[in-house]
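Working through the structure, step by step
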Amino acid sequence: IKHFPDESGYRMFLIDAPSNKATVVAASLSRALADRGLEVTSATQRLDAYNALQNTYLNTFQILGGLGLLLGTAGLGVVVLRNVLERRAELALFTAVGLRARVLRKLIIMEHCALLVAGLAIGVIAALFAIVPALRGPLQQVNYRGLSITLAVVCISGLVWTWVAARIALRGELLKALRNE
């Protein structure tokens, strides 16, 4: 009444009972006030219900974020493919000089993997700066295993897309690209 004067009636009562007698108190109150619609719920059950809703939202956004990351790595594959296709004449020159397609593929993959690792490192460092204030708060638990798995999946997915893009771009006759140049 003192803190919320505009609210009429009572929505809940907080009952402090000894832990060994909590079930007895809850049962007797439920029996005595059943006509008034009293529903006895422990504080842990009430908090679990609130946390279940919050965790559902967090899990949904985590899944959507993971899908966004996977789509981003697929976009990386498209960018690598376009980059390599634009450099076909350069790669054809390397082939004409005597480099094998396997060596060219390895060079392309190493070049783009270095960019992938640099991008991931910059992203991780930026994320660390972003979450430092939250980590300093009380009772913060970080799912390092889940974060590590997500980072590994993004890295592996980026490597796979880079490999696929290099393989597609170096397929066919590269010397035709040199003739067209």
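Residues numbered from 1 in each chain as written. Predicted model: local features only at pLDDT ≥ 70, side-chain atom pairs only at ≥ 80, totals over all residues. Heavy atoms only, no water.

**Details of the pattern of salt bridges**
All told, the structure shown has three salt bridges when counted by the stated rule. Residue Arg87 is joined to Glu90 by a salt bridge in which the shortest nitrogen-to-oxygen separation is 3.6 Å. Residue Arg87 is classed as buried on the basis of its relative accessible area, which comes to 19%. Residues Glu111 and Arg87 are paired through a salt bridge, measuring 3.0 Å at the closest nitrogen-oxygen approach. You can see Glu111 sitting in helix 4 (residues 101-135) and its partner Arg87 sitting in the loop between helix 2 (43-86) and helix 3 (88-97), a full 24 residues away along the chain. Ionic contacts of the salt-bridge type, sharing partners, join the residues Arg87, Glu90 and Glu111 into one network. (Salt bridge = Lys/Arg side-chain N within 4 Å of Asp/Glu carboxyl O. Buried < 20%, exposed > 50% of the residue type's maximum accessible area, 1.4 Å probe, protein only. Helix = DSSP H or I, 4+ residues; strand = E, 2+ residues; numbered from the N terminus.)

**What about the side chain of Ser157?**
Note on placement: Ser157 falls in helix 5 (residues 144-169). The exposure class of Ser157 is buried, given its relative accessible area of 13%. At 2.8 Å, the side chain of Ser157 and the side chain of Thr73 are in polar contact. (Polar contact = N/O pair within 3.5 Å; in protein donor to acceptor, adjacent residues only side chain to side chain.)

**Quick look at the confidence of the model for the chain**
With 96% of its residues at a pLDDT of at least 70, the chain reaches an overall mean of 83. The secondary-structure element of the chain with the lowest mean pLDDT is helix 6 (residues 175-180), recorded at 69, while helix 4 shows the highest, at 87. (pLDDT = per-residue confidence, 0-100.)

**So, helix 2**
The terminal C-alpha atoms of helix 2 lie 64 Å apart, and with 44 residues this matches the ideal 64 Å at 1.5 Å per residue to within 8%. Buried within helix 2 we find Thr73, Ala74, Gly77, Val80 and Val84. Looking at the buried side of helix 2, the elements it contacts are helix 3, helix 4 and helix 5. (Expected span 1.5 Å × (residues − 1). Contact = heavy atoms within 4.5 Å.)

**Section: a nonpolar patch on the surface**
On the surface, Leu53, Tyr57, Phe61, Ile63, Leu64, Leu67, Leu70, Ile149 and Val153 cluster together into a nonpolar patch covering about 910 Å² of accessible area. Mapped onto the nonpolar patch, the elements with two or more residues apiece are helix 2 and helix 5. Residue contributions to the nonpolar patch peak at seven residues, all from helix 2. Considering the arrangement of structural elements, one finds Leu67 in helix 2. (Patch = residues over 30% accessible without salt bridge, like charges linked within 9 Å, V, L, I, M, F, W, Y side chains within 5 Å. Areas by Shrake-Rupley, 256 points an atom, 1.4 Å probe, with all protein chains shown as cover.)

**Focus on helix 3**
All of the buried residues along helix 3 are Arg88, Ala89, Leu91 and Ala92. Taken end-on, helix 3 shows its buried residues confined to a sector of 160 degrees, consistent with a single buried face. Gly98 sits one or two residues past helix 3 and shows a positive phi near 130 degrees. (Arc of directions from axis to C-beta.)

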